Amino acid sequence: MYRAVNSKRPVNLDLTTIHFPLPALTSIAHRITGVILFVGLIFAFWALDKSLSSPEGFAAVKDALAHNFLAKLIAWGLLSALAFHFVAGIKHLLMDADFGVTLEGGVKKAQATVVLSAVLIILAGVWVW
């Protein structure tokens, strides 16, 4: 019997058992935050439309962002996703320009991405809350 596939390949690839390096995790998180931002545009456009519709709508959005816990959490979540996505996007632009494309450079840029994003996320939390 002829087998077209190498029999030593994994039959069931379990992603939970694979240890991803930090640059891979930041790249995956960059994609996830992009999806979060895309979905979050629904809420942002709704709030923008509501706030521009009338003075009462503006007051309602302002009140929600000032006093509603869920609205603050959504705003902070979107700002956090934006902060990480922005920093990781800069990292990807640097890679496209051939800066730090070595293994060590990739790890250092991933570490810088995590640290800088954490600082921006904390600052966004202070601003929202």
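Residues numbered from 1 in each chain as written. Predicted model: local features only at pLDDT ≥ 70, side-chain atom pairs only at ≥ 80, totals over all residues. Heavy atoms only, no water.

Colleague: In this structure, what is going on with helix H3 (residues 69-96)? I would like to understand it.
Modeller: Residues spaced three or four apart along an α-helix point in a common direction, a consequence of the helix completing one turn every 3.6 residues. End to end, H3 covers 40 Å across 28 residues, agreeing with the expected 40 Å (1.5 Å per residue, within 8%). Among the residues making up H3, those that are buried are Ala-71, Lys-72, Ser-80, Ala-81, Ala-83, Phe-84, Val-87, Ala-88, Lys-91 and His-92. On its buried side, H3 packs onto helix H1 (22-53), helix H2 (55-67) and helix H4 (103-128). Two or three places before Leu-70, at the start of H3, stands the capping residue Asn-68, its side-chain oxygen 3.0 Å from that residue's backbone nitrogen. (Helix = DSSP H or I, 4+ residues; strand = E, 2+ residues; numbered from the N terminus. Expected span 1.5 Å × (residues − 1). Buried < 20%, exposed > 50% of the residue type's maximum accessible area, 1.4 Å probe, protein only. Contact = heavy atoms within 4.5 Å. Polar contact = N/O pair within 3.5 Å; in protein donor to acceptor, adjacent residues only side chain to side chain.)

Colleague: Hey, could you run me through the packing of H1 against H4 in this one?
Modeller: In a packed pair of helices, the relevant descriptors are the angle between the two axes and the axis-to-axis distance. Interaxial distance between H1 and H4 falls to 8 Å at its minimum, and their mutual angle equals 50°. When the axes of H1 and H4 are compared, the pair comes out oblique. Handedness of the crossing formed by H1 with H4: left-handed. Facing H1, whose interface residues are Leu-22, Pro-23 and Thr-26, H4 presents Gly-106, Val-107, Ala-110, Gln-111 and Val-114. Per-class residue counts for the contact of H1 with H4 are five nonpolar, three polar and no charged. (Axes fitted to C-alpha atoms, helices over the stretch in contact; angles between N-to-C directions. Parallel < 35°, antiparallel > 145°, perpendicular 65-115°, else oblique. Left-handed = near helix turned anticlockwise from the far one by under 90°. Nonpolar A, V, L, I, M, F, W, Y, C, P; charged D, E, K, R; others polar.)

Function cannot be read off these values alone, since they describe shape.
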